[in-house]
Amino acid sequence: WRTDVRVWLLGLCGIAGFFLLTAVTTWNSIHVLLATVTVVACAMQARHPSCVWLTLVLSLAAGAAYQLFYVLIFVPLYPGVFEAWWNLSATWPIRWAGVPLEETAWAAVTMAFAGPLLRVCSRGQAQSTRRGSN
């Protein structure tokens, strides 16, 4: 149950951070989301620094894989999709092979949060379980 509570608390912190940043900035929702998830992911890593490097590598790999998917599969299948579906005037002006940088950043920060979430939240429980089985 402690793991469940920790997961919910981190989620609620993220939601609260999202609403707070939305209220005090003029950023659009994707930029608020990127900032909020990054802050919560960093807070998780600060409490449990043992998986920082693994999380960093996996986050960069997730961003790269997502970018490759868009460039090699999605955009060739659906040319002009970003112009049709995204409000490109609200995104950063940086695009890699036509893909807005926010898409790649979203994949990377999502991995930084979701990747270590269960390990970080259940860490105390896993250690006590191991001690009890010796």
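Quick note: structure is the one above.
Structural notes, computed from the coordinates. Predicted, not measured: the structure shown is a model, and the values here were computed from it.

## Things to note about the overall build of the chain
Piece 1. Along the backbone of the chain there are six helices and two strands.
Piece 2. When the helices and strands of the chain are read in sequence order from the N terminus, they spell out α-α-α-α-β-β-α-α.
Piece 3. Excluding contacts between residues fewer than 6 apart, the proportion of contacts in the chain whose partners are at least 24 apart in sequence is 66%.
Piece 4. A total of about 8800 Å² of accessible surface is found on the chain, and carbon and sulfur atoms cover 71% of it.

## Notes on the packing of aromatic side chains
Piece 1. A complete count under the given rule lists 10 aromatic pairs for this structure.
Piece 2. On the basis of an interplanar angle of 20° and a centroid distance of 6.3 Å, the ring pair of W85 and W86 is categorised as stacked.
Piece 3. Given the relative accessible area of 64%, W85 is considered exposed.
Piece 4. Site record: aromatic cluster; members linked through ring pairs are Y66, F69, Y70, F74, Y78, F82, W85, W86 and W106.

## Details of the environment of N28
Piece 1. You can see N28 is positioned in the loop between α1 (2-24) and α2 (29-47).
Piece 2. A C-alpha to C-alpha distance of 8.5 Å links N28 and T91, two positions 63 residues apart in sequence.
Piece 3. Here H31 takes part through its side chain, which lies 3.0 Å from a polar atom of the side chain of N28.

## Considering the nonpolar core
Piece 1. Counting residues in hydrophobic clusters, the biggest one holds 13 residues, and the most contacted among them are L10, M44, F113 and L117.
Piece 2. Contributing elements (two or more residues each) for this core: α2 and α5 (101-121).
Piece 3. Here this core gets six residues from one element, more than from any other, and that element is α5.
Piece 4. Residues within four places of F113 in sequence aside, it is in contact with L10, V37, V40, A41 and M44.
Piece 5. Y70, F74, L88 and V99 belong to the second largest nonpolar core, which has six residues in total.

## Observations concerning unusual backbone geometry
Piece 1. The phi angle at A97 is positive, at roughly 55°, despite the residue not being glycine.
Piece 2. With respect to the helices, strands and loops of the structure, A97 is situated in the loop between β1 (95-96) and β2 (99-100).

## What about helix α3 (residues 52-77)?
Since the α-helix advances by 3.6 residues per turn, residues separated by three or four positions end up pointing in the same direction.
Piece 1. Here α3 spans 36 Å end to end across 26 residues, near enough to the 38 Å set by a 1.5 Å rise per residue.
Piece 2. Within α3, the axis deviates most sharply at Y70, by approximately 40°.
Piece 3. For α3, every residue scored as buried is listed here: T55, S59, A62, G63, Q67, Y70 and F74.

## Thoughts on α2
Piece 1. Given a rise of 1.5 Å per residue, 19 residues ought to cover 27 Å, and the 27 Å separating the end C-alpha atoms of α2 matches this to within 8%.
Piece 2. Within the sequence span of α2, burial applies to H31, V32, L34, T36, V37, V40, A41, M44 and Q45.

Reading the values: the criteria
Within each chain, residue numbers correspond to sequence positions counted from 1 in written order. Only residues with pLDDT of at least 70 get local features here, since the model is predicted, and only at 80 or more are side-chain atom pairs given and counted; chain-wide, interface and lining totals rely on the full set of residues. Only hydrogens and water are removed before side-chain values are computed, so all heavy atoms of the structure are retained for them. The helix count covers DSSP runs of H or I at least four residues long, the strand count covers runs of E at least two residues long, and both are numbered beginning at the N terminus. Whether two residues are in contact is decided by their heavy atoms: any pair within 4.5 Å suffices. Values of accessible area rely on a 1.4 Å probe in the Shrake-Rupley scheme; residue burial ignores everything except the protein chains shown. Here is the rule: rings of Phe, Tyr and Trp (six-membered ring for Trp) pair when centre to centre is within 6.5 Å. Planes less than 30 degrees apart are stacked, more than 60 are edge-to-face, and the remainder are tilted. Residue burial is assigned from relative accessible area. The probe radius is 1.4 Å, only protein chains are included, and a residue is buried under 20% of its type maximum, exposed over 50%, and partly exposed in between. Under the rule applied, a polar contact is a pair of N or O atoms within 3.5 Å (in protein, one hydrogen donor and one hydrogen acceptor; residues adjacent in sequence only if both atoms are side-chain atoms). The term nonpolar core refers to a set of buried residues drawn from Ala, Val, Leu, Ile, Met, Phe, Trp, Tyr and Cys, joined through side-chain atoms within 4.5 Å. By this rule, a helix spans an expected 1.5 Å times one less than how many residues it contains. The bend reported for a residue corresponds to the angle between axes fitted to the seven residues ending at that residue and the seven starting there.

Geometry only, nothing functional implied.
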